[in-house]
2 protein chains.
Amino acid sequence: MNTKFYNSLILLTHDDKTFTIIEGEMHIRDNVIAYIKGTPVGADRSVIKSAASYEQGEPLLTFDSERDMKGNLLMPGFKNAHTHTAMTFLRSFADDLPLQSWLFDKVFPKEGQLTEDDIYWLDILGIMEYLTSGITSNFDMYFFPPKNAKASVDCGFRTVQTSGLNNFGGSVEQVEENYNIVNEMSDLTSFIIGFHAEYTTSKEIMEGIAGLCEKYKSPMFMHNSETITEVNECKERWGKTPTELTDELGMYKYGGGGYHCVHMSDNDFQIFKDRGLYVVTNPASNLKLASGVAPINKYLQLKIPVAIGTDGPASNNCLDMFREMFLTTALAKVREGDAACVPAEEVLYMATTNGARCMGLEDCDRLSVGKKADIIGIDLLQPNMQPVNNIVKNIVYSGSKQNVMFTMVDGKMLYDEGKFDIGFDTQDVYKKANEIIRRMQ
Amino acid sequence: MNTKFYNSLILLTHDDKTFTIIEGEMHIRDNVIAYIKGTPVGADRSVIKSAASYEQGEPLLTFDSERDMKGNLLMPGFKNAHTHTAMTFLRSFADDLPLQSWLFDKVFPKEGQLTEDDIYWLDILGIMEYLTSGITSNFDMYFFPPKNAKASVDCGFRTVQTSGLNNFGGSVEQVEENYNIVNEMSDLTSFIIGFHAEYTTSKEIMEGIAGLCEKYKSPMFMHNSETITEVNECKERWGKTPTELTDELGMYKYGGGGYHCVHMSDNDFQIFKDRGLYVVTNPASNLKLASGVAPINKYLQLKIPVAIGTDGPASNNCLDMFREMFLTTALAKVREGDAACVPAEEVLYMATTNGARCMGLEDCDRLSVGKKADIIGIDLLQPNMQPVNNIVKNIVYSGSKQNVMFTMVDGKMLYDEGKFDIGFDTQDVYKKANEIIRRMQ
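Because the structure is predicted, anything quoted here is derived from the model rather than measured.

S.K.: Please provide a residue-by-residue account of the overall build of chain A, values included.
M.R.: Of the regular secondary structure elements, chain A holds 14 helices and 18 strands. By the compact-globule yardstick of 22 Å for 441 residues, chain A fits well, its C-alpha radius of gyration being 21 Å. Overall, the C-alpha framework of chain A stretches about 65 × 45 × 45 Å when taken along its three principal axes. The proportion of buried residues among the 441 residues of chain A is 60%. Residue pairs in contact within chain A that sit at least 24 positions apart in sequence constitute 71% of those at least 6 positions apart.

S.K.: If you had to explain the packing of helix H2 (residues 116-132) of chain B against helix H14 (residues 426-440) of chain B to someone new, which residues and values would you point to?
M.R.: All names here are of chain B. It is at 9 Å that the axes of H2 and H14 come closest, and there the two elements cross at 130 degrees. Taken together, the axes of H2 and H14 lie oblique to each other. Read as a crossing pair, H2 and H14 show a hand that is left-handed. Counted together, Asp118, Trp121, Leu122, Ile124, Leu125 and Met128 of H2 and Val429, Lys432, Ala433 and Ile436 of H14 form the full contact between these two elements. The class makeup of the residues in the contact of H2 with H14 is eight nonpolar, no polar and two charged.

S.K.: Explain the sheet that holds strand E8 (residues 135-141) of chain A residue by residue, including any values.
M.R.: Residue and element names in this part refer to chain A. Spatial strand order, E7-E8-E9-E10-E11-E12-E13-E14: eight strands in an open sheet with parallel pairing. Only two strands of the sheet have a single neighbouring strand rather than two, namely strand E7 (78-83) and strand E14 (306-308). Sheet twist, expressed as the mean angle between neighbouring strand axes with direction ignored, is 25 degrees.

S.K.: Any details on the sheet that holds strand E10 (residues 189-197) of chain B? Residues and values, ideally.
M.R.: Residue and element names in this part refer to chain B. Pairing in this open sheet of eight strands is parallel, and the strands run E7-E8-E9-E10-E11-E12-E13-E14 from one edge to the other. The open sheet has two edge strands with one neighbour each: strand E7 (78-83) and strand E14 (306-308). This sheet shows a mean twist of 25 degrees between the axes of neighbouring strands, independent of strand direction. Looking at chain direction, E10 and strand E11 (residues 220-224) are connected through three bridges and run parallel. When the sheet's bridge partners are listed, Ala197 is paired in E11 with His223. Sitting on the sheet, helix H5 (residues 203-216) is in contact with E10 and E11, with an inclination near 155 degrees to E10.

S.K.: So, unusual backbone geometry: which residues are in play, and what are the values?
M.R.: Cis geometry is found at the peptide bond from Gln386 of chain A to Pro387 of chain A, where omega equals -10 degrees. On the secondary structure map, Pro387 of chain A appears in the loop between strand E15 (375-378) and helix H13 (391-398). A cis amide bond links Asn316 of chain B with the next residue in sequence, Asn317 of chain B, at an omega value of 5 degrees. When you line up the elements, Asn317 of chain B lands in the loop between E14 and helix H11 (321-336).

S.K.: Outline the relation of the copies chain B and chain A, supporting the account with residue identities and numerical values.
M.R.: Aligned on chain A, chain B shows an RMSD of 0.0 Å; the corresponding rotation is 180 degrees and the shift along the axis is 0.0 Å. A rotation of that kind, with that shift, is consistent with a two-fold axis. For chain B, the minimum C-alpha distance to the rotation axis belongs to Gln402 of chain B and amounts to 2.7 Å. Mapped onto chain A, 100% of the interface residues of chain B are again interface residues, and the two copies thus contact each other with one and the same surface.

S.K.: Give me the lowdown on the domain arrangement of chain A, citing residues and values where you can.
M.R.: All names here are of chain A. Assigned domains of chain A: these are domain 1 (2-76 + 371-418) and domain 2 (78-362). Each partner contributes to the interface: domain 1 provides 22 residues, whereas domain 2 provides 24 residues. Elements supplying a minimum of two residues to the side of domain 1 that touches domain 2: H13, strand E16 (404-409) and strand E17 (412-416). Partitioning the side of domain 1 that touches domain 2 into residue classes produces 11 nonpolar, five polar and six charged.

S.K.: Summarise the interface of chain B and chain A; cite the residues concerned and give the values.
M.R.: Chain B puts 54 residues into the contact, and the matching count from chain A is 54 residues. Elements with a contribution of two residues or more to the side of chain B that touches chain A: helix H1 (99-111), H2, helix H9 (283-288), H11, helix H13 (391-398) and H14 of chain B. If one sorts the elements of the side of chain B that touches chain A by residue count, H11 of chain B sits on top with five residues. Among the residues making up the side of chain B that touches chain A, the classes are represented as 29 nonpolar, 14 polar and 11 charged.

S.K.: I'd like to hear about the environment of Arg275 of chain A, residue by residue, with values.
M.R.: Residue and element names in this part refer to chain A. Tracing the backbone shows Arg275 in helix H8 (residues 266-275). Owing to 19 C-beta atoms within 10 Å, Arg275 belongs among the partly exposed residues under this scheme. Residues Arg275 and Lys412, spaced 137 residues apart in sequence, show a C-alpha to C-alpha distance of 36 Å. Excluding anything up to four places from it in sequence, Arg275 contacts Tyr252 and Gly255.

S.K.: Go over the nonpolar core with me, naming the residues and quoting the values.
M.R.: With 276 residues, the main nonpolar core has Leu74 and Ile209 of chain A together with Leu74 and Ile209 of chain B as its most contacted residues. Beyond its immediate sequence surroundings of up to four residues, Ile209 of chain B is in contact with Leu165, Val172, Val175, Ile193, Phe195, Met220 and Met251 of chain B.

S.K.: Tell me about the pairing of E11 of chain B, and please be specific about residues and values.
M.R.: All names here are of chain B. Of all five residues in E11, five are buried; the element is thus mostly enclosed. For the segment spanning E10, H5 and E11, crossover handedness is right-handed. Bridge count for E11 against strand E12 (residues 256-260) is five bridges, and the pairing is parallel. By the bridge assignment for E12, His223 is matched with Tyr259.

S.K.: Got a sec to walk through the environment of Asn138 of chain B? Specific residues and values, please.
M.R.: Residue and element names in this part refer to chain B. The topology assignment puts Asn138 in strand E8 (residues 135-141). When the C-alpha positions of Asn138 and Ala373 are compared, they lie 16 Å apart, and in sequence the two are 235 residues distant. Those residues in contact with Asn138 that sit more than four places away from it in its chain are Asn80, Thr83, Thr85, Tyr130 and Thr159.

Quick notes on the rules
What you see as residue numbers is a count from 1 along each chain, following the sequence as written. Chain A is the first chain written and ligand 1 is the first ligand written, with later ones labelled in order. For a predicted model such as this one, the threshold for reporting local features is a pLDDT of at least 70, and the threshold for listing and counting side-chain atom pairs is 80 or more; totals across whole chains, interfaces and linings nevertheless cover every residue. Counting from the N terminus, the helices are the DSSP runs of H or I reaching at least four residues and the strands are the DSSP runs of E reaching at least two. Each radius of gyration is computed over the set of C-alpha atoms, and the globule rule expresses the reference value as 2.2 Å times the number of residues to the power 0.38. As a rule, residues whose C-beta atom has 12 or fewer other C-beta atoms within 10 Å are exposed, those with 20 or more are buried, and those in between are partly exposed; C-beta atoms are placed from the backbone. Contact between two residues is assigned whenever their backbone-derived C-beta positions fall within 7 Å. In this analysis an axis means a line fitted to C-alpha atoms, helices contributing only their contacting stretch, and an angle means the value between N-to-C directions, from 0 to 180 degrees. Working rule for angles: under 35 degrees goes down as roughly parallel, over 145 as roughly antiparallel, 65 to 115 as roughly perpendicular, anything else as oblique. By convention the crossing between two helices is left-handed if the near helix lies anticlockwise of the far one by an angle smaller than a right angle, and right-handed if it lies clockwise. Residues are grouped as follows: Ala, Val, Leu, Ile, Met, Phe, Trp, Tyr, Cys and Pro are nonpolar; Asp, Glu, Lys and Arg are charged; every other residue, Gly included, is polar. Any two strands with at least two DSSP-identified bridges between them are counted as paired. Copies overlap after least-squares fitting; the atoms used are the C-alpha atoms of residues with pLDDT of at least 70 in both. Where each domain starts and ends comes from a domain assignment, either automatic or drawn from a database. Under the definition applied here, buried Ala, Val, Leu, Ile, Met, Phe, Trp, Tyr and Cys residues are grouped into a nonpolar core through C-beta atoms within 7 Å. With the strands pointing away from the viewer, any crossover whose connection runs clockwise from the first strand over the helix to the second is right-handed.

What follows is the structure in structure tokens.
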């Protein structure tokens, strides 16, 4: 299956967090980028007179499909680096409540009623929403990881599963079993070791998780320093922060990182830097649950890599990378009192390249020959993208789901011009999700 | 021209900031809502068994157009209560810069090059963007108000113009002239007295503006306490805050309010409360320019009415009421450390009813017989709106421009299923806007 995109702008990513836009064409062979050719243009679409033509790979000669991009942009898909996808069933179910009451009175009792089959359908709904926002893979923590992975495979979506193991269910042995099942399930699925959070998990479990990290040489991720209460209680229990504790347990020997990372100490920063750990920021959720604003500018200054996640739909409530990108820079600006900090280019790099690397998806981190064809089309001919002063800043500051022309995962067009091609009827998925919440009432 | 919407959910607004959703039909005669009928349902679309059928007005008998809403929602259009529409030309032109450098090195020199004709086309581009976000009227402050008003009338869009008068151009006489021109231009246009801000304007001009308020019994609006520097410098100059100063000059005898209102004193709160003034909050702009987070919860506690604006596209950078609604509640939550404050219903009321009343558009403040047909259709059959736990919370927390099926202003469908019907070719408008920015380079 050969695909050709032509008459296109193409966003190329560089390791110094800059971007080049070229005007030209891209060829896809099955699920891999085979050829890119074009002439560099400015972010404002101006012709760069000195620019040499860019060419990478060997052109394909015949095509099963050809698409005139009409001057619109191809870019790498967004990576949603922290989420609980199947929590779609709790969207708008318990908003505007204090955190404790939200979690203990509303979320936990409902989660107790979930079946594996429920989670399968709720996942598919979440995957549809990802596709509308140009998200091509998720780093997902929820019950029944093999079921979540199966939902992704059935849709053609790429997923990295982790474990949400804690004191209230599951076991280290089950995490190991899921690790092997999900890693072997499909090219679209993988598993990274993790657990829920220090405040929900015994030291014995954490030690077991550390053992798995060692056995499989796996990175490790958990919710880390999301609220100040969590950090203070951890310090009371152990005399150290969640980062210090898990580091001392040997959990980061093969890397990894933390979700949220809002309330971190100088020593926590140092551990993240020394171990090469990723911060996954979740700005909308941190606002909505009144958790705080993460020190993103500090992470950049220390060269700690940041990726971006939506968190789950119960706490956000939507799964939209455009909103998260705007918040990542805008909240940093007001936090630091500096309108110049965390520029748009840094944020776009977080949402694409850093996200991919944090999730172990190095072959999805940019548009380049040999990389996986996880590609989105961005419609520049909408009022919010006009006039064209700067395409990258337009994407981060004024982009929206409305600009997502299509979302291609692993070379397959899963969402195109508002229509899904994931093997499920849209209305059936909505019907299933509504049946689940009605049954629980 | 009679229009019928049927098989529809319809959002009815109550003065206690609650909403009822009914399932039924609505008839429009020319530009006015003539008839509403339906059966109340829960925000989760459940049947309310005890609910009596709702009927208002007299049904029309023949229709020029009928639309099957397929169970989707009709609601009042959003009111963008503070903006500088024609600043579309500076979108993504000077982001990620310190405020002073942004304003003095970038914005002001470019604005100096604008012609009235430029502003006309840049306005039309902004109006198109409003329509994509379900915004049916704007409260606009920029150069050449009659030209802005003309652009709106030509598109069929409703606008309230105010003056941005300051020391750097214009006169009180010109404001008076514009007041009369714009108020008499069309049913779609009106003018409320205003000036730019204390920090840009002499006391003589402010006194002149106060005289106009008295002469025309007009409310008065200005940028107020947007940054802490502005407030501190005002106190140094006058020994009082911008609110105190303008109140003492007699500017609020007939009401009005302030844009931004981020850094307000207890006495400022009291003046707003006593005078019945409106706060117009601009959360995205306040973040992006690192100005701060407005005390929205405090305003609610004091029963000071709040409306919502996008501010101009140079400082936001998009004109999207969904983003502003989410920020209005989410920033309040993190500011107060209280996930329960500023609930979704308050925010939806701000973005519709309060906005209309603040702008003097009482006849556009809700869906009710006799009110103007400024109506939007919200597509509930998108993944971000499913499942249906609560429609109002879905709109505020997970709604997006993608959910805007259509935007009707004054009974005319200006935007429908992604297509504009404003009397201008979309591509021509983009071309004009790009010609303007290229000419200025």
